[in-house]
Structure formats: C-alpha cells, structure tokens
Amino acid sequence: MDDVQCIGNENFLKECNHSQFGEHDCTHSEDAGVICGVDTDRVIENVRLVDGFSDSSGRTEVLFNGTWGTVCVFEWDLADANVVCRQLGYPSAIVTYSEGIFGSGSGIVWLSNVRCTGNETFLSECKFNADLHQSCITRRRDAGVFCRGKNLAVLYVNWTHSHQVYFFD
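All figures in this text were calculated on a predicted structure; none of them were measured in a lab.

How each quantity is defined
Residues numbered from 1 in each chain as written. Predicted model: local features only at pLDDT ≥ 70, side-chain atom pairs only at ≥ 80, totals over all residues. Heavy atoms only, no water. Helix = DSSP H or I, 4+ residues; strand = E, 2+ residues; numbered from the N terminus. Buried < 20%, exposed > 50% of the residue type's maximum accessible area, 1.4 Å probe, protein only. Salt bridge = Lys/Arg side-chain N within 4 Å of Asp/Glu carboxyl O. Pairing = 2+ DSSP bridges. Polar contact = N/O pair within 3.5 Å; in protein donor to acceptor, adjacent residues only side chain to side chain. Patch = residues over 30% accessible without salt bridge, like charges linked within 9 Å, V, L, I, M, F, W, Y side chains within 5 Å. Areas by Shrake-Rupley, 256 points an atom, 1.4 Å probe, with all protein chains shown as cover. Core = buried A, V, L, I, M, F, W, Y, C linked by side-chain atoms within 4.5 Å. Contact = heavy atoms within 4.5 Å. Phe/Tyr/Trp six-rings, centres within 6.5 Å; stacked < 30°, edge-to-face > 60°. Lys NZ or Arg CZ within 6 Å of the ring centre and 35° of its normal.

Side note on unusual backbone geometry
Alright, step 1. Non-glycine residue Asn-65 carries a positive phi angle of around 50°.
Alright, step 2. Structurally, Asn-65 can be placed in the loop between strand S2 (57–64) and strand S3 (67–71).
Alright, step 3. The backbone phi angle of Glu-75 is positive, close to 70°, even though this residue is not glycine.
Alright, step 4. Tracing the sequence through the fold places Glu-75 in the loop between S3 and helix H1 (78–87).
Alright, step 5. The partly exposed category is assigned to Glu-75, whose relative accessible area is 47%.

So, the pattern of salt bridges
Pairs may arise between side chains of opposite charge once their charged atoms sit close together.
Alright, step 1. If you walk through the whole model with that rule in mind, you get 3 salt bridges.
Alright, step 2. Glu-61 is the salt-bridge partner of Arg-48, the closest N and O atoms lying 2.8 Å from each other. Here Arg-48 is found in strand S1 (residues 46–51), whereas its partner Glu-61 is found in strand S2, with 13 residues between them in sequence.
Alright, step 3. Looking at Arg-48, the relative accessible area reads 33%, which means it is partly exposed.

Details of the pairing of S3
Alright, step 1. Pairing of S2 with S3 involves 4 bridges; the strand directions are antiparallel. If you follow Leu-63 over to S3, its bridge partner there is Trp-68.
Alright, step 2. Joining the antiparallel neighbours S2 and S3 is a turn of 2 residues, in which Asn-65 adopts a positive phi near 50°.
Alright, step 3. Where S3 and strand S5 (residues 109–115) come together, 2 bridges link them in parallel fashion.

Brief notes about the environment of Asp-51
Alright, step 1. Along the chain, the position of Asp-51 falls in strand S1.
Alright, step 2. What makes Asp-51 exposed here is its relative accessible area of 52%.
Alright, step 3. Taking C-alpha positions, Asp-51 is 9.3 Å from Gly-105, a pair spaced 54 residues apart along the chain.
Alright, step 4. A polar atom in the side chain of Asp-51 sits 3.0 Å from the side chain of Arg-59.

Section: a nonpolar patch on the surface
Alright, step 1. Together, Met-1, Val-4, Leu-13 and Phe-21 make up an exposed nonpolar region whose accessible area comes to about 380 Å².
Alright, step 2. Topologically, Leu-13 is positioned in the segment before S1.

Side note on the nonpolar core
Alright, step 1. Ranked by internal contacts, the top residues of the largest apolar core, which has 24 residues, are Ile-44, Val-62, Trp-76, Leu-111, Val-114, Leu-123 and Val-145.
Alright, step 2. Among the elements that make up this core, the one with the highest residue count is H1 (4 residues).
Alright, step 3. Ignoring anything within four residues of it in the chain, the contact list for Ile-44 reads Val-62, Leu-63, Phe-64, Leu-111, Leu-123, Ser-124 and Phe-128.

A look at the packing of aromatic side chains
Alright, step 1. Under the definition given, this model contains 3 aromatic pairs.
Alright, step 2. Between Phe-53 and Phe-102 the ring centres are 5.3 Å apart and the planes differ by 55°, which places this aromatic pair in the tilted class. Of this pair, Phe-53 sits in the loop between S1 and S2 while Phe-102 sits in the loop between strand S4 (93–97) and S5, and the two are 49 residues apart along the sequence.
Alright, step 3. Its relative accessible area of 38% is what places Phe-53 among the partly exposed residues.
Alright, step 4. One aromatic cluster is present, formed by Phe-64, Trp-110 and Phe-128 through successive ring pairs.
Alright, step 5. Seen from the ring of Trp-68, Arg-48 lies directly overhead, with NZ or CZ sitting 4.0 Å from the centre.

Encoded structure:
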C-alpha cells in the first residue's frame, strides 16, 4: 500500500484511502511501522468466579494491575456472562446473578456498564466503564454468573428466601 490516508475511525487499514493495492513508488526504506499505546489502568489481566456453588459459578472478579476487584451489575447480562464463561473454559452461561447472591466482594469495584456483544473471546474485548455508579460502591451490587459446566452444573434459585437447587447435565 502507498499514499495511505486514514481519518481515524476505520476498523481496518484497507478502509483508508490509498492508491491501488500493489501500485507504489516505495522502497523498503520507506516501510511504515507503528507502536500501539495501552492504557494499563484499563487492561483486564484475568477473570475468576468466587464464592460460588461450584467451580462454574460465583461472583465475577477481574484482575487490574495485580489487584482483584468486582464487576458492578449495571448493564450486566447474559452476553457478558457468556464471554466470562468462555474465557474460563466453559461452553456458555446459564444465568446471570446480581444483588450479592454470591456475597459481596471485599475489594474494589473495578467495572460497571459492561457491554459485550457475546462474540468476544475475552472480557477485556468488551466495552465497559471504569467510572462507577455510586450504588455500585455503596450497595455492593456485584455481578455473578453460573456457567454451563463441562459435565454437571448446579443452578441456585432464590424464591422469596427459600432456596432451591437444580441440576443440569
């Protein structure tokens, strides 16, 4: 490619204005390169489920800069949960939880308004806010998930404070 002119909102380099592919007057001394910057305060290093009924369920926690914290339930839905489950090696999510079903996390609340399409491989590929809604901080509205287990999954249901457990294959 030669004479490449991007606006900045293109998803792919080929979407930028440029001369015909293969037509150029360049030598390799004019090859282009780029160094991408990363905002390390917003890079999700890892994901885990904590205080669940099995390895495939629990409060969703993310690791930022070496510190584990929770995810606020605002905007949390099955698409978000599916990404977390797949990232952890499970095929999909069965249901999402909120309001402390798995207990409140004790650390920082790292994310709110997580918006995955459901096709992402990692939670870090989803859109999210690091600016937290006040009720996420004061009421600990932590997001949880129950993933479809590899062999056996347990689903916890709270119907007006009576607890029922269901098993799925």
